[in-house]
Amino acid sequence: MLSEAHERLWSIIPYGKSNAMTRSHLVVMLDMSDRKVRAMIHDLRAAGKVICSDTQGKGYWKPTKRQEVQDFIDQMDSYGKQCFNAAKSARKYMNDHEDQLHF
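Residues numbered from 1 in each chain as written. Predicted model: local features only at pLDDT ≥ 70, side-chain atom pairs only at ≥ 80, totals over all residues. Heavy atoms only, no water.

> How should I be thinking about the packing of helix H2 (residues 23-30) against helix H3 (residues 34-46) in this particular structure?
Any two packed helices are characterised by how steeply their axes cross, that is the angle between the axes, and by the distance between the axes. Close contact between H2 and H3 brings their axes to 9 Å; oriented N to C, the two are set at 105°. Comparing the axis directions of H2 and H3 gives the class roughly perpendicular. Contact residues: Arg23, Leu26, Val27 and Leu30 in H2; Asp34, Val37, Arg38 and Ile41 in H3. Each residue belonging to the contact of H2 with H3 can be placed in one class, and the counts come to five nonpolar, no polar and three charged. (Axes fitted to C-alpha atoms, helices over the stretch in contact; angles between N-to-C directions. Helix = DSSP H or I, 4+ residues; strand = E, 2+ residues; numbered from the N terminus. Parallel < 35°, antiparallel > 145°, perpendicular 65-115°, else oblique. Contact = heavy atoms within 4.5 Å. Nonpolar A, V, L, I, M, F, W, Y, C, P; charged D, E, K, R; others polar.)

Spelled out as structure tokens, the structure:
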């Protein structure tokens, strides 16, 4: 169950990419820290709410078009692959240099 604060955030996020709201604007509107707003967006997404965003800093929005959702999916897939590859490289490094690393 989402808190009242989560519900308020959900109600504030606009529909459509052209109406996207920056996180800094959400922070001011909700009178919360940036970290708290990010965590709440994470919680909403984990609860099944679709909140789109982009890497150009346009902000957050609820999708109104199929293409907005597809673009968001593509962006998240790409980011996930980058994270996976970075972890894979670090894992290989750790295994290859086990005798040189002290934990």
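There's plenty left to go through after this.
> So what exactly am I meant to see when it comes to the packing of aromatic side chains here?
For any pair of aromatic rings, geometry is given as the distance between the ring centres together with the angle between the planes. Per the stated rule, a full pass over the model turns up zero aromatic pairs. Sitting above the plane of the Trp10 ring, Lys62 keeps its charged end 4.3 Å from the centroid. (Phe/Tyr/Trp six-rings, centres within 6.5 Å; stacked < 30°, edge-to-face > 60°. Lys NZ or Arg CZ within 6 Å of the ring centre and 35° of its normal.)

> Could you clarify how one ought to interpret unusual backbone geometry in this entry?
Excluding glycine, residues mostly have negative phi values, and the peptide bonds linking residues are mostly trans. Even without being glycine, Asp31 reaches a positive phi, approximately 55°. For Asp31, the position within the fold is in the loop between H2 and H3.

> Sorry if this is basic, but what is going on with the packing of helix H1 (residues 4-12) against H2 here?
The contact between H1 and H2 brings their axes to 11 Å, and the two run at 130°. In terms of their interaxial angle, H1 and H2 are classed as oblique. When you trace H1 past H2, the crossing you get is right-handed. Taken together, the residues of H2 that come into contact with H1 (itself represented by Arg8, Leu9 and Ile12) are Leu26, Met29 and Leu30. By residue class, the composition of the contact of H1 with H2 is five nonpolar, no polar and one charged. (Left-handed = near helix turned anticlockwise from the far one by under 90°.)

> Teacher, can you tell me more about the side chain of His6 here?
Tracing the chain through its elements places His6 in helix H1. A residue is classified by how much of its surface remains accessible, and His6, at 10% relative accessible area, is buried. A distance of 2.8 Å separates polar atoms of two side chains, one belonging to His6 and the other to Asp43. With residues near it in sequence (within four places) discarded, His6 still touches Met40, Asp43 and Leu44. (Buried < 20%, exposed > 50% of the residue type's maximum accessible area, 1.4 Å probe, protein only. Polar contact = N/O pair within 3.5 Å; in protein donor to acceptor, adjacent residues only side chain to side chain.)

> Just checking my understanding: could you explain the pattern of salt bridges for this structure?
Close approach of charged atoms allows side chains with opposite charge to pair. Inspection of the entire model under this criterion finds four salt bridges. Lys17 is paired through a salt bridge with Asp54; the nearest N and O atoms lie 3.8 Å apart. Here Lys17 is found in the loop between H1 and H2, whereas its partner Asp54 is found in the loop between strand S1 (52-53) and strand S2 (60-61), with 37 residues between them in sequence. Judged by its relative accessible area of 13%, Asp54 is buried. We note a salt bridge from Arg38 to Asp34, for which the minimum N-O separation is 3.0 Å. With Arg38 and Asp34 both in helix H3 and four residues apart, this pair spans about one turn of that helix. Looking at Arg38, the relative accessible area reads 38%, which means it is partly exposed. Taking relative accessible area as the criterion, Asp34 reaches 30% and is therefore assigned partly exposed. (Salt bridge = Lys/Arg side-chain N within 4 Å of Asp/Glu carboxyl O.)

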